[in-house]
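Spelled out from the first residue to the last, the chains are:
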Amino acid sequence: MVVQALKDQGVDVVFGYPGGAVLPIYDEIFQDQGIKHILVRHEQGAAHAAEGYARSTGKPGVVLVTSGPGATNAVTGITDALMDSIPMVVLSGQVPTFMIGSDAFQEADTVGITRPCTKHNWLVKDTDALAGTIHEAFHVATSGRPGPVLVDIPKDVQFASGTYVEPREAPQGHYNPRVKGDIEMITEMVAAMETAERPIFYTGGGVINSGNVASQLLREFVEATGFPITSTLMGLGAYPASGKHWLGMLGMHGLYEANMAMHGCDLMINVGARFDDRITGRIADFSPHSAKAHIDIDPSSINKVIHVDYPIIGDVGHVLEDALRIWKARGRKVNKEGLAKWWAQIEEWQAINCLTFKNSDQIIKPQHALQRLEALTKGHDRYICTEVGQHQMWAAQFLGFEDPHRWMTSGGLGTMGYGLPASIGVQVAHPESLVINVAGDASFLMNLQELGTASQYDLPVKQFIMNNERLGMVRQWQELLHGERYSHSWSEALPDFVKLAEAFGGKGIQVSDPADLDDAIMEMIRYDGPVIMDCLVEKHENCFPMIPSGEPHNSMLLGDASTQDAIGTTGAVLV
């Protein structure tokens with residue numbers, strides 16, 4: 001029943017790890033041969049690999065783990081998927097129903113443990129309900145705001161016989177999210193767009209989750225109106241980085257022009273973002289003079305953090321389609337004079353060139369490493385994953401994404417150890433593509449065991465480690481905010497990453513001279529197999545721009561090799 005339900009849901013691959021409470025399912029996978037199973041080395045790796053698969057395809061990722069520690073090991077990945085709205089279906093084994101509550105071997109209250117970090121979960125005690133529950137789980141995971149779900153299946157239920165139901169016959173429960181937005185409110189938003197002097201599109205991962213049509217509609221709307229557009233970390237790729245209206249990413253390590261435009265706008269159109277604290281800075285000072293529209297399929301996101309003037313509950317694609325149609329029908333009007341002045345102001349902010357850094361011919365600067373990675377891989381069929389930290393922010397700043405589903409990173413939860421297993425999931429989904437994980441030395445060590453998975457399945461994932469021998473972002477905060485007291489932020493006893501790669505059957509490359517960087521990157525790209533590239537970078541380089549914790553989002557630190565320029569509320573550069 002389990003395997004048939006997965007096949008009927010269009011599942012072609014499962015990421016998992018066997019154990020006693022799921023052996024009946026694994027036995028059927030062995031006999032059926034209809035689904036590819038990827039054996040990870042740790043259940044957290046299974047969840048992150050499923051996330052990478054889901055983020056790069058738009059299809060739900062599927063995880064299969066055993067009871068007790070198998071399920072609890074997956075909790076971090078499940079929570080990561082919940083925070084970033086990633087569709088995932090987790091199937092966990094459980095001790096037999098008659099042993100539940102007896103502290104049996106490898107028993108845990110999986111449903112209780114995962115209730116806060118799933119959209120919904122189920123403990124199936126009746127075999128006749130099993131297939132229908134799995135079908136409902138896929139419906140919940142992929143409908144509305146996507147997210148993870150879990151189905152806990154006791155071992156005696158797996159051994160029993162029952163009646164199978166097809167997906168079309170399965171009950172969908174009461175979960176039917178609203179996808180069409182209120183036309184009157186959409187019309188009010190469009191009317192505000194027609195007169196706004198300083199408008200901006202503020203977009204998030206909801207655009208990508210809505211599907212490629214939503215991204216195309218967004219692009220059409222931006223080009224037709226001429227409004228500037230910025231994006232959260234999760235929304236990169238929904239609008240092309242090469243687009244002429246693109247301001248870059250906003251937020252704590254976003255671009256100066258994007259943050260200043262958000263602060264100074266008079267109409268903010270939030271499309272599929274959730275006003276995260278990394279974006280808003282100090283809420284009391286967040287874009288204080290703007291009217292705000294918020295398009296989101298999740299009603300709980302509306303007015304949760306920031307009060308908005310035009311709340312629109314619905315799927316981003318449907319709402320953008322209606323808004324574009326209404327705007328065209330009303331005469332395609334914009335405030336041309338106001339827009340011209342607005343763009344003149346934005347161009348002044350852009351002229352500051354906030355990503356400028358002082359390069360070196362003696363040591364590899366991390367920004368330069370990513371500039372070269374971008375230049376040498378841009379023409380490839382490329383997918384980028386990251387770990388979490390400074391390298392993640394530099395990757396977002398210096399790598400350009402032209403399309404959705406090409407950028408896989410842990411946003412809301414900020415999970416170190418995410419990138420390597422995620423890159424495996426992406427490579428499984430796109431076997432002929434170039435998949436690169438931009439990593440830090442500290443994050444990489446969190447789930448390095450998944451190199452074994454890459455080796456077993458001949459997955460040529462490229463691990464681009466920006467090695468500064470530090471917990472880079474922690475060290476940066478300690479320097480700037482904690483009086484340079486570097487409490488446990490220096491990585492000691494790091495492995496030889498070249499030997500580590502070789503130990504797992506891959507290729508290791510180390511580079512420390514900027515003159516050798518291009519050749520090393522090309523060697524990494526051309527090698528047909530897993531690669532660890534150990535790129536030794538400047539140890540104490542800081543990631544700027546940066547909004548210090550607790551500051552308003554227009555109060556930024558800019559940096560080069562010699563100064564940090566404080567950007568005050570006036571936008572003046574105080575050197």
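Because the structure is predicted, anything quoted here is derived from the model rather than measured.

(A) Region of the structure containing the domain arrangement of the protein chain. Each domain of the protein chain was delimited in the assignment, giving domain 1 (2-169), domain 2 (183-351) and domain 3 (366-536). Between the C-alpha centres of domain 2 and domain 3 the distance comes to 31 Å. Counting from both sides, the interface comprises 17 residues of domain 2 and, opposite them, 18 residues of domain 3. Taking both partners together, domain 2 and domain 3 bury about 1,400 Å²; carbon and sulfur atoms supply 63% of that area. Among the residues of domain 2 in contact with domain 3, L233, L236 and H253 are the three that bury the most area, contributing 38% of the side total. Joining domain 2 to domain 3, the criterion identifies zero salt bridges. At the boundary of domain 2 and domain 3, one finds six residue pairs in polar contact (both at pLDDT 80 or more). Counting residues per element, the side of domain 2 that touches domain 3 draws most heavily on helix α11 (residues 212-225), at three residues.

(B) Fine view of the sheet that holds strand β5 (residues 120-123). Strand order in this open sheet of six strands is β2-β1-β3-β4-β6-β5, and the pairing throughout is parallel. Among the strands making up the open sheet, the edge pair consists of β2 (36-39) and β5. Averaged over all neighbouring strand pairs, the angle between strand axes comes to 20 degrees, with direction disregarded. Note that strand β4 (residues 88-94) and strand β6 (residues 148-154) share seven bridges and pair parallel. Residue G93 lies in a different strand from β6, and its bridge partner there is I153. Along the sheet, helix α2 (residues 23-32) contacts β1 (13-16), β2, β3 (61-65) and β6; its crossing angle with β3, the most-contacted strand, is approximately 125 degrees.

(C) Here's a closer look at the pattern of salt bridges. A full pass over the atoms with the stated rule returns 22 salt bridges. A salt bridge links R198 to E197; the shortest N-O distance between them is 3.8 Å. R278 is the salt-bridge partner of D277, the closest N and O atoms lying 3.0 Å from each other. On the accessibility criterion, D277 (47% relative accessible area) is partly exposed. We classify R278 as partly exposed; its relative accessible area is 40%.

(D) Layout of unusual backbone geometry. The step from F544 to P545 runs through a cis peptide bond, and the omega angle for that step is -5 degrees. Relative to the helices and strands, P545 resides in the loop between β18 (531-536) and β19 (556-559). Phi at Q33 takes a positive value of approximately 65 degrees, unusual for a residue other than glycine. Within the element layout of this structure, Q33 appears in the loop between α2 and β2. On the accessibility criterion, Q33 (59% relative accessible area) is exposed. We note that Q106 has phi near 60 degrees; this positive angle belongs to a residue other than glycine. You can see Q106 is positioned in the loop between β4 and α6 (110-114).

(E) Local environment of the sheet that holds strand β12 (residues 310-313). Here six strands make up an open sheet; going across it, the order is β9-β8-β7-β10-β11-β12 and the pairing parallel. Single-partner strands in this sheet number two, and they are β9 (246-249) and β12. Adjacent strand axes in the sheet meet at a mean angle of 15 degrees when their direction is disregarded. Together, β7 (199-203) and β8 (229-231) form the strand contacts of α11, whose direction differs from that of β7 by roughly 165 degrees. Here helix α12 (residues 256-264) sits on the sheet and contacts β7, β8, β9 and β10 (267-271); the angle it forms with β9, its principal contact strand, is near 105 degrees.

(F) Just the packing of helix α3 (residues 43-57) against helix α18 (residues 419-429), in detail. As a packed pair, α3 and α18 sit with axes 6 Å apart at the nearest point and diverge in direction by 50 degrees. Comparing their axes, α18 and α3 come out oblique. The handedness of the crossing between α3 and α18 is right-handed. From α3, G45, H48, A49, G52, Y53, S56 and T57 reach across to α18, where they touch P421, A422, G425, V426 and A429.

(G) Summary view of the packing of aromatic side chains. Taken as a whole and assessed by the stated rule, the structure comprises 12 aromatic pairs. Judged by centre distance (5.9 Å) and plane angle (90 degrees), the ring pair of W342 and W349 falls under edge-to-face. The same class applies to W342 and to W349, which are both buried. Seen in terms of ring centroids, F444 and F497 are 5.9 Å apart; in terms of plane orientation they differ by 75 degrees. Their pairing is edge-to-face. Taken together, the residues F444 in helix α19 (residues 441-444) and F497 in helix α22 (residues 497-503) connect sequence positions 53 residues apart. Accessibility expressed as a relative area gives 0% for F444, which makes it buried. Each member of the aromatic cluster is reached from another via a ring pair, and the members are F201, F221, F227 and W327. The ring of Y383 has R406 sitting right over it, with the charged end atom 4.2 Å from the ring centre. Geometry around W490 places R470 over its ring, the cationic atom sitting 3.6 Å from the centre.

(H) Just the environment of Y17, in detail. By the element assignment, Y17 lies in the loop between β1 and α2. On the basis of relative accessibility, which here comes to 33%, the residue Y17 falls in the partly exposed class. Counting along the chain gives 331 residues from Y17 to E348, while the straight-line C-alpha distance between them is 54 Å.

How each quantity is defined
Residues numbered from 1 in each chain as written. Predicted model: local features only at pLDDT ≥ 70, side-chain atom pairs only at ≥ 80, totals over all residues. Heavy atoms only, no water. Domains from an automatic or database assignment. Contact = heavy atoms within 4.5 Å. Buried area = accessible area lost by both parts, 1.4 Å probe. Salt bridge = Lys/Arg side-chain N within 4 Å of Asp/Glu carboxyl O. Polar contact = N/O pair within 3.5 Å; in protein donor to acceptor, adjacent residues only side chain to side chain. Helix = DSSP H or I, 4+ residues; strand = E, 2+ residues; numbered from the N terminus. Pairing = 2+ DSSP bridges. Axes fitted to C-alpha atoms, helices over the stretch in contact; angles between N-to-C directions. Buried < 20%, exposed > 50% of the residue type's maximum accessible area, 1.4 Å probe, protein only. Parallel < 35°, antiparallel > 145°, perpendicular 65-115°, else oblique. Left-handed = near helix turned anticlockwise from the far one by under 90°. Phe/Tyr/Trp six-rings, centres within 6.5 Å; stacked < 30°, edge-to-face > 60°. Lys NZ or Arg CZ within 6 Å of the ring centre and 35° of its normal.

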